[in-house]
Amino acid sequence: MKKIDIKLTVNGEQHEMAVAPGERLLDVLRERLGLTGTKEGCGEGECGACTINMNGQAVLSCLMLAVQADGATILTIEGLQKGADLHPLQEAFIGESAVQCGYCTPGMIMASDALIRNNPSPTQGMIRDALANNICRCTGYDRPVKAVLKAASQMKERKNG
Amino acid sequence: MSERGYKMSIALKFEGYHRPANVDQAVKILTKYGNNAQVIAGGTDILPRRPGGNNAGNGKHLVDIVHMGLDYIREEKNGIYIAAAATINSIGAFPLFSQTPYLALSEALACHSTRTIRNRATIGGNLCNASPCADLALPLLVLGARLIVAGPEGNRQIPIQDFYVGTNLCALDSNEMLLEICIPFCEEKTGTSFLKLGRQQTVIDMALVNVATFLTMEGQCCVTVRIALGSVGPVPFRAKKAESMLTGKRPDKKTIQLAAEAAAEASAPLDDIRATAAYRKKMAVILVRQALENSVRRYQA
Ligand SMILES: Cc1cc2nc3c(=O)[nH]c(=O)nc-3n(C[C@H](O)[C@H](O)[C@H](O)COP(=O)(O)OP(=O)(O)OC[C@H]3O[C@@H](n4cnc5c(N)ncnc54)[C@H](O)[C@@H]3O)c2cc1C
Ligand code: FES
Ligand code: FES
């Protein structure tokens with residue numbers, strides 16, 4: 001089996017590596033790069049725990065091969081924080097108690113981040129649509145939705161203020 | 001592999017990965033490996049984790065068509081051409097499809113999986129996977145789409161109603177790939193509709209029943225009627241007898257009901273873990289009736 005050379009930019013850092021055709025992006029992030037913030041729940045596209053941001057869009061890293069991401073710019077939960085400062089979404093999830101066990105949280109936040117990047121003033125309906133692929137067994141969804149609303153409005157204020 | 005001494009990762013059992021730069025190269029690779037190769041686009045049908053990590057059942061050599069410029073949607077003289085690797089979300093953003101005649105298509109696009117999956121999932125993958133539940137098959141059946149296929153001898157066209165051969169089996173040869181889908185322009189006054197019944201528990205689900213309808217009229221009577229059903233037989237199909245029961249008739253309540261019953265009669269659903277055959281058949285009547293009512297209303301609006 002021939003390995004394939006790929007280049008990835010992950011959280012601003014460039015990586016080059018040789019991967020097998022069947023290696024999933026999820027496994028490369030977690031096991032080769034040690035970025036274990038991205039979780040595996042189901043491995044079949046249902047739960048969203050593995051959601052990352054690729055070239056500005058939310059995608060499921062369990063449903064992608066690493067070779068398919070060759071050349072891509074990837075953001076994971078580890079890349080959101082700026083130095084010691086949490087991202088407004090992270091702050092809002094904590095502030096609104098939208099985190100209980102936390103297993104779904106990185107995926108929820110990455111899906112929300114992609115939404116806010118493409119639409120700085122999302123409505124509740126848009127947030128629920130964007131999070132429809134993120135299963136949470138703890139919070140009942142209302143708190144994450146509130147947190148995203150709060151983060152979006154804070155980010156707009158900071159930008160304008 | 002892991003420095004921490006445990007290993008969660010699974011390596012799917014693919015042996016080769018090819019990234020052709022153009023259609024010629026892709027067809028050459030498919031020809032070389034025959035049944036041992038499979039096209040990969042978004043990968044959302046191919047890659048979900050399976051017990052044992054063997055997702056390579058249909059070909060150990062992957063031919064990735066995502067980097068070949070096959071993501072356009074454009075209007076030409078005789079119709080709208082959608083490239084096979086266009087993502088569901090990009091098609092959903094094409095302005096023409098939010099106009100009345102194409103609502104069946106935009107409704108199906110919006111019902112397909114979730115926003116996150118639709119960033120990767122493609123129209124070509126949805127059709128070529130040949131699932132009886134594929135949401136996009138139904139609007140394309142009633143819109144009379146043609147599929148343009150590339151192979152070693154050049155391109156050929158397949159009307160969509162001839163594309164489905166059996167469950168997970170389409171009319172492509174192992175050395176062929178789907179290039180684009182052509183949707184003929186609709187007359188401005190056309191009423192179409194798509195409806196999907198899923199399970200209550202989750203929004204992320206394949207259909208239990210899905211239907212699409214298409215209707216044009218002259219005066220009070222129907223001229224062209226098309227009805228397609230999915231998830232209630234081995235392949236998505238047109239219910240021709242039901243269509244003929246409405247053609248030339250007034251689409252009144254009773255005629256619509258009889259046509260909807262005939263459409264469901266043409267189905268052959270299965271019992272499975274998600275629903276019983278009897279339930280699917282009953283719901284098929286209701287969905288076809290509602291879709292036809294939507295079509296009439298949209299035609300008349
Ligand atoms: C959680 C989840 C939910 C889903 N929900 C829905 C849903 O609601 N409705 C629905 O219809 N589907 C659904 N799907 C199925 C899947 O997302 C769609 O069928 C999708 O459109 C497939 O596109 P893809 O590009 O990802 O296909 P791939 O996985 O890349 O390919 C699918 C098949 O088509 C072949 N293929 C792809 N492109 C070509 C081509 N150009 N020429 C020849 N062969 C080709 C491949 O070889 C493979 O056999 C869901 C999947 C998941 C994981
Ligand atoms: S692990 Fe990717 S969706 Fe569940
Ligand atoms: S916080 Fe536990 S699954 Fe969401």
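Residues numbered from 1 in each chain as written. Chains lettered and ligands numbered in written order. Predicted model: local features only at pLDDT ≥ 70, side-chain atom pairs only at ≥ 80, totals over all residues. Heavy atoms only, no water.

**A few points about the overall build of chain B**
The condition that has to hold: Runs of H or I in DSSP of at least four residues are treated as helices and runs of E of at least two as strands, each being numbered from the N terminus. Using C-alpha atoms as the atom set, the radius of gyration is obtained and then compared with a globule rule of 2.2 Å times the number of residues to the power 0.38. Here a residue-residue contact requires only that any non-hydrogen atoms of the pair lie within 4.5 Å.
Secondary structure assignment for chain B yields 9 helices and 14 strands. Against the compact-globule benchmark of 19 Å for 301 residues, chain B has a radius of gyration of 20 Å, which places it among compact chains. Across its three principal axes, chain B shows a C-alpha extent of roughly 70 × 45 × 30 Å. Summarising the internal contacts of chain B: among those between residues at least 6 apart in sequence, 66% fall at separations of at least 24.

**Looking at the site of ligand 1**
We apply this condition: If even one non-hydrogen atom of a residue comes within 4 Å of a molecule or strand, that residue is called near it. Between N or O atoms, a polar contact is any pair within 3.5 Å; within protein, one atom must be a potential hydrogen donor and the other a potential acceptor, and residues adjacent in sequence are included only when both atoms are from side chains. Computed with the Shrake-Rupley method and a 1.4 Å probe, the accessible areas treat only the protein chains shown as cover for residues. Residues are grouped as follows: nonpolar covers Ala, Val, Leu, Ile, Met, Phe, Trp, Tyr, Cys and Pro; charged covers Asp, Glu, Lys and Arg; every other residue, Gly included, is treated as polar.
Inspection of the region around ligand 1 gives 33 residues, with V39(B), T44(B), D45(B), T122(B) and D135(B) positioned closest. Each of chains A and B places residues next to ligand 1. A distance of 2.6 Å separates an oxygen atom of ligand 1 from a polar side-chain atom of T44(B). Here an oxygen atom of ligand 1 sits 2.9 Å away from a polar atom, N or O, in the side chain of N126(B). In isolation ligand 1 offers 980 Å² of accessible surface; the protein chains occlude 94% of this area. If you list the elements that add at least two residues to the shell around ligand 1, you get β2 (37–40), α5 (123–128) and β10 (177–183) of chain B. Take the shell around ligand 1: its biggest share by element is 4 residues, from α5(B). Classifying every residue of the shell around ligand 1 by side-chain character gives 17 nonpolar, 11 polar and 5 charged.

**Some details on the domain arrangement of chain A**
Residues and elements named next belong to chain A. Using the following cut-off: Note that domain bounds follow an automatic or database assignment of domains. In this description, buried area is defined as the sum, over both parts, of the accessible area (probe of 1.4 Å) that is lost when the two are combined. What counts as a salt bridge is simple: a side-chain nitrogen of Lys or Arg found within 4 Å of a carboxyl oxygen of Asp or Glu.
Taken as a whole, chain A is organised into domain 1 (4–79) and domain 2 (88–160). Between the C-alpha centres of domain 1 and domain 2 there is a distance of 21 Å. If you look at the interface, domain 1 gives 19 residues, while domain 2 gives 14 residues. Here domain 1 meets domain 2 over a buried area of about 1300 Å², counting both sides, of which 59% is carbon and sulfur. When the area that domain 1 buries against domain 2 is broken down by residue, the three leading residues are K39, T51 and I77, summing to 34%. For the pair domain 1 and domain 2, the number of links is 0 salt bridges. Taken together, domain 1 and domain 2 are joined by 8 residue pairs in polar contact (both at pLDDT 80 or more). Sorting the residues of the side of domain 1 that touches domain 2 by element identifies β3 (51–54) and β4 (57–60) as the ones contributing at least two each. For the side of domain 1 that touches domain 2, the class distribution of residues is 7 nonpolar, 9 polar and 3 charged.

**Comments concerning the side chain of E180(B)**
Residues and elements named next belong to chain B. Looking at the secondary structure, you find E180 in strand β10. Looking at E180, its side chain comes within polar contact range of the side chain of Y72, at 2.5 Å. Apart from residues no more than four positions distant in its own chain, E180 is found in contact with Y72, Y81, I82, A83, A84, R146, L147 and I148.

**Quick notes on the interface of chain A and chain B**
One frequently used descriptor of interface size is the decrease in accessible area upon assembly of the parts. Contacts between chain A and chain B engage 32 residues on the former and 34 residues on the latter. For chain A, the biggest contributors to the area lost against chain B are E31(A), L63(A) and Q68(A); these three give 23% of the whole. The salt bridge involving D70(A) is made with R19(B); its shortest N-O contact spans 3.0 Å. Our count for the chain A to chain B interface comes out at 9 residue pairs in polar contact (both at pLDDT 80 or more). Broken down by secondary-structure element, the contributors of at least two residues to the side of chain A that touches chain B are α1 (25–32), β3, β4 and α4 (124–130) of chain A.

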